[in-house]
Amino acid sequence: MNSPVDKYDAPSLMAKPGGSQFHVMIKPVGAACNLACTYCFYLGKASLAGAPAPRRMSDEVLTAFIRQYIGSVSGDVIFSWQGGEPTTLGLDFFRQIVAIEAQFARPGQTILNDLQTNGTLLDEEWCRFLKQHQFLVGLSIDGPREIHDRCRLTKGGEPTFAKVLAAARLLKSHGVAFNAMACITGTMPDGRWTSTASCGASSGPIDSSSSRSSSTRTLSGRRRRRGTRRRCPATASRARGPVSRTPS
Ligand code: SF4
């Protein structure tokens, strides 16, 4: 008897194996996050009826998802890891991800990874990993300290700008490609967005969205350039079009 179809079968349901192009955003920790930004519309989702308890995606589901996704997409495969805050899963989880991707990549196939993060847990080890595997990082930073710290707070209400700026500098010092993703709020004065570029993100001044190109990694050793566009709150999209509305 066939097993019932569930949401984890989505990649194989959306396309004939190896025959289509689509982009899936993955939330391996659901809505769980180490911050409590005042505008976050996602933290509360964890308490909705029927929502899974915050927890790590199981090894079994992770492997099945990566295998099915790679097998369902023709050409390049883009994994976008989002939250909640995906770095709360720890670096070993992401080491496991790239190992599984390498296991299932077809010859010559390009596998790309994005990571959207609030940056507060990034350290030297994380940055070495992100550089080694050429992740494209979306770093959530709302502009200068006085604006960022109005909304982007810890669960204890502490400001986070200093940590996020330190993360930006660390990413830059390690040569990690990253975008600054900012959330526009009613308190944002005109003309302040240029300060986002000073954090070291390689995008220039931005308004309600930013657009730039970044180098990416390939398992086959080939390199190319790709464009990204990120919008907030929580819309991450690529040149091929918006894919989700996700806070970070
Ligand atoms: S906006 Fe992002 S970083 Fe802030 S609480 Fe929500 S998920 Fe966490």
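Because the structure is predicted, anything quoted here is derived from the model rather than measured.

About the cut-offs
- Residues numbered from 1 in each chain as written.
- Predicted model: local features only at pLDDT ≥ 70, side-chain atom pairs only at ≥ 80, totals over all residues.
- Helix = DSSP H or I, 4+ residues; strand = E, 2+ residues; numbered from the N terminus.
- Expected span 1.5 Å × (residues − 1).
- Buried ≥ 20, exposed ≤ 12 C-beta atoms within 10 Å, placed from the backbone.
- Arc of directions from axis to C-beta.
- Contact = placed C-beta atoms within 7 Å.
- pLDDT = per-residue confidence, 0-100.
- Pairing = 2+ DSSP bridges.
- Axes fitted to C-alpha atoms, helices over the stretch in contact; angles between N-to-C directions.
- Parallel < 35°, antiparallel > 145°, perpendicular 65-115°, else oblique.
- Left-handed = near helix turned anticlockwise from the far one by under 90°.
- Nonpolar A, V, L, I, M, F, W, Y, C, P; charged D, E, K, R; others polar.

A. Focus on helix α3 (residues 91–104). With 14 residues, α3 extends 20 Å from end C-alpha to end C-alpha; this agrees with the ideal 20 Å at 1.5 Å per step. Of the residues making up α3, those classed as buried are F94, I97 and E101. Across the axial projection of α3, the buried residues extend over an arc of 45 degrees, all falling on one side. In α3, the exposed positions angled more than 90 degrees off the buried face are occupied by D92, R95, A99, A102 and Q103. Where α3 is buried, its residues contact α2 (59–72), β3 (111–117) and α4 (124–132).

B. Expanded view of the confidence of the model for the protein. Looking at the protein, pLDDT values average 75 and 63% of them are 70 or higher. Note on residues 203–245: pLDDT under 50 across the span, and 101 contacts to partners over four residues away in sequence or across chains.

C. Region of the structure containing unusual backbone geometry. Look at the link from G83 to G84: it is a cis peptide, with omega at 5 degrees. Along the chain, the position of G84 falls in the loop between β2 (77–81) and α3.

D. Representation of the sheet that holds β2 in the model. Strand order in the open sheet formed by five strands is β1-β2-β3-β4-β5, with parallel pairing between adjacent strands. Because the sheet does not close on itself, it has two edges, and the strands there are β1 (24–26) and β5 (178–181). Going from strand to strand, the sheet's axes swing by 20 degrees on average, the running direction of each strand aside. Inspection of the sheet shows β3 paired to strand β4 (residues 136–140) by four bridges, in the parallel sense. Counted as the bridge partner of L115 is V137 from β4.

E. Quick peek at α4. Taken together, the buried positions of α4 are W126, C127 and L130. The buried residues of α4 all sit within an arc of 95 degrees when viewed along its axis, so they share a single face. Residues E124, E125 and Q132 are exposed on α4 and point more than 90 degrees away from its buried face. The inward-facing, buried residues of α4 contact α3, β3, β4 and α6 (161–173). A positive backbone phi angle near 50 degrees is found at Q134, which sits one or two residues after α4.

F. Expanded view of the environment of S58. Tracing the backbone shows S58 in the loop between β1 and α2. With 30 residues separating them in the primary sequence, S58 and P28 have C-alpha atoms 8.6 Å apart.

G. Here's a closer look at the packing of α2 against α3. Put simply, α2 and α3 touch, their axes get as near as 9 Å, and they point 40 degrees apart. Taken together, the axes of α2 and α3 lie oblique to each other. Regarding α2 and α3, the two cross each other, and that crossing is right-handed. Contact residues: L62, T63, I66, R67 and I70 in α2; I100, E101 and F104 in α3. Considering only residue class, the contact of α2 with α3 consists of five nonpolar, one polar and two charged.

H. Just the environment of G138, in detail. Position of G138 among the secondary structure elements: in strand β4. For G138, a count of 26 C-beta atoms within 10 Å translates into the label buried.

I. The arrangement of the pairing of β5 in detail. With burial as the criterion, each face of β5 is covered, one bearing F178 and A180 and the other bearing N179 and M181. Pairing between β4 and β5: four bridges, direction parallel. The partner of G138 across the bridge, within β5, is N179.

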